[in-house]
Amino acid sequence: IEHAGEDPTGFMVTVELALVCFYGIEMACKLAAHGRWFFCKRDMTWNFFDLFLVLQSIYELVIGLLSPNGHRDDHSFMRTLRILKIAKVLRVVTILTLFAELRLIMNSLVGSIVSMFWSFVMLTLVFLLFGLVFAQGCGIYLAEHGEWLRSQHPDTHTEMLSSFGSVQLAMLSLLKTSTGGADWSGYFDSLVLAGSWYGACFILFIGFYQIAVINILTGIFV
């Protein structure tokens, strides 16, 4: 970060060139050894991924070495270079495939994407259901006693609005409560003001999430 915007040193360019040559030769050997089966094997997805990284590295290196200095003032050109540099991070994924244990973990993570998606959908529905209840309860209470609460307890009024002033804020507060992002006692105190029934519902949400939802979702992944 301290050297942002500066040109790479000669050593960095040399190392980059050596790595590109190494990966390029490796890819050429794979293509020569496997032929068309390189794109048809069980691991063809990783092969396409490796080929993309190698071609991206070669393209970036050629642009960096052959482009005139005038291109440095071209914002669209520099933006393309930045995107290509960010793509270098993808090389870490290639390293993961070289070790059996890391590859097993990587395949497990990829295989859990569908389950993770539906888990997020389920959590969103749970937060939406309880968020609607709490936002409506606080809205009714503020409509009837909002002026009194603002004059007598302005901090509580502000906290209730910031936590349950809308369905989105209520869902965010429930997410903080369930993931340890905030202590749920403050939210409970705000909901009790709206009515003891809402406080009981909040306790029900905590128990339902911690005992049922988390264990069920954990069982799906385990």
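Residues numbered from 1 in each chain as written. Predicted model: local features only at pLDDT ≥ 70, side-chain atom pairs only at ≥ 80, totals over all residues. Heavy atoms only, no water.

Peer 1: Tell me about the packing of helix H6 (residues 113-152) against helix H8 (residues 167-179), and name the residues and values.
Peer 2: Contact geometry of H6 with H8 gives a least axis separation of 8 Å together with a crossing angle of 120 degrees. As summarised for this structure, H6 and H8 are arranged oblique, according to the angle between their axes. Regarding H6 and H8, the two cross each other, and that crossing is right-handed. Facing H6, whose interface residues are Thr124, Phe127, Leu128, Phe130, Gly131, Leu132, Phe134 and Ala135, H8 presents Val167, Ala170, Met171, Leu174, Leu175 and Ser178. (Axes fitted to C-alpha atoms, helices over the stretch in contact; angles between N-to-C directions. Helix = DSSP H or I, 4+ residues; strand = E, 2+ residues; numbered from the N terminus. Parallel < 35°, antiparallel > 145°, perpendicular 65-115°, else oblique. Left-handed = near helix turned anticlockwise from the far one by under 90°. Contact = heavy atoms within 4.5 Å.)

Peer 1: Can you lay out the side chain of Ser163 for me, pointing to particular residues and giving the numbers?
Peer 2: Tracing the sequence through the fold places Ser163 in helix H7 (residues 154-164). At a separation of 2.9 Å, a polar atom in the side chain of Ser163 contacts the main-chain carbonyl oxygen of Glu159. Excluding anything up to four places from it in sequence, Ser163 contacts Leu169, Ala170, Ser173 and Tyr187. (Polar contact = N/O pair within 3.5 Å; in protein donor to acceptor, adjacent residues only side chain to side chain.)

Peer 1: I'd love a proper account of the pattern of salt bridges, names of residues and values included.
Peer 2: Scanning the entire structure with this criterion turns up 2 salt bridges. Across the pair Glu26 and Lys30 runs a salt bridge, and its minimum N-O distance is 3.9 Å. Taken together, the residues Glu26 and Lys30, both in helix H1 (residues 10-34) and 4 residues apart, mark about one turn of the helix. Overall, Glu26 belongs to the partly exposed group, its relative accessible area being 31%. Taking the shortest distance from any N to any O, the salt bridge between Glu147 and Arg150 comes out at 3.0 Å. Here Glu147 and its partner Arg150 are both found in helix H6, 3 residues apart, which amounts to about one turn of the helix. (Salt bridge = Lys/Arg side-chain N within 4 Å of Asp/Glu carboxyl O. Buried < 20%, exposed > 50% of the residue type's maximum accessible area, 1.4 Å probe, protein only.)

Peer 1: Describe the confidence of the model for the protein, listing the residues and the values that go with them.
Peer 2: With 79% of its residues at a pLDDT of 70 or more, the protein has an overall mean of 79. For the protein, per-element mean pLDDT is lowest for helix H3 (residues 75-86), which scores 53, and highest for H8, which scores 92. (pLDDT = per-residue confidence, 0-100.)

Peer 1: For the environment of Val192, give the residues involved together with the corresponding values.
Peer 2: Note that Val192 resides in helix H9 (residues 184-194). Residue class for Val192 comes out partly exposed when judged on its relative accessible area of 35%. The spatial distance from the C-alpha of Val192 to the C-alpha of Cys138 is 9.6 Å, given a sequence separation of 54 residues.

Peer 1: Could you give an account of H6, with specific residues and numbers?
Peer 2: When the terminal C-alpha atoms of H6 are compared, their 50 Å separation across 40 residues is substantially less than the 58 Å that a helix rising 1.5 Å per residue should span. A bend of about 80 degrees at His145 is the largest found in H6. (Expected span 1.5 Å × (residues − 1). Bend = angle between axes of the 7 residues up to and from the residue.)

Peer 1: Could you give an account of the packing of aromatic side chains, with specific residues and numbers?
Peer 2: Across all of its chains, the model carries 14 aromatic pairs by this definition. Ring geometry for Phe134 against Phe164: centres 6.1 Å apart, planes inclined by 75 degrees, an arrangement best described as edge-to-face. Residue Phe134 is located in helix H6, and its partner Phe164 is located in helix H7; the two are separated by 30 residues in the primary sequence. In terms of burial, Phe134 and Phe164 fall into one category: buried. (Phe/Tyr/Trp six-rings, centres within 6.5 Å; stacked < 30°, edge-to-face > 60°.)

Peer 1: Account for a nonpolar patch on the surface, naming residues and giving values.
Peer 2: Judged by side-chain polarity, Val110, Ile113, Met116, Phe120, Ile216, Ile220 and Phe221 come together as a nonpolar surface patch covering roughly 670 Å² of accessible area. Broken down by secondary-structure element, the contributors of at least two residues to the nonpolar patch are H6 and helix H10 (196-221). Tracing the backbone through its elements, the reader meets Phe221 in helix H10. Classification of Phe221 as partly exposed rests on a relative accessible area of 42%. (Patch = residues over 30% accessible without salt bridge, like charges linked within 9 Å, V, L, I, M, F, W, Y side chains within 5 Å. Areas by Shrake-Rupley, 256 points an atom, 1.4 Å probe, with all protein chains shown as cover.)

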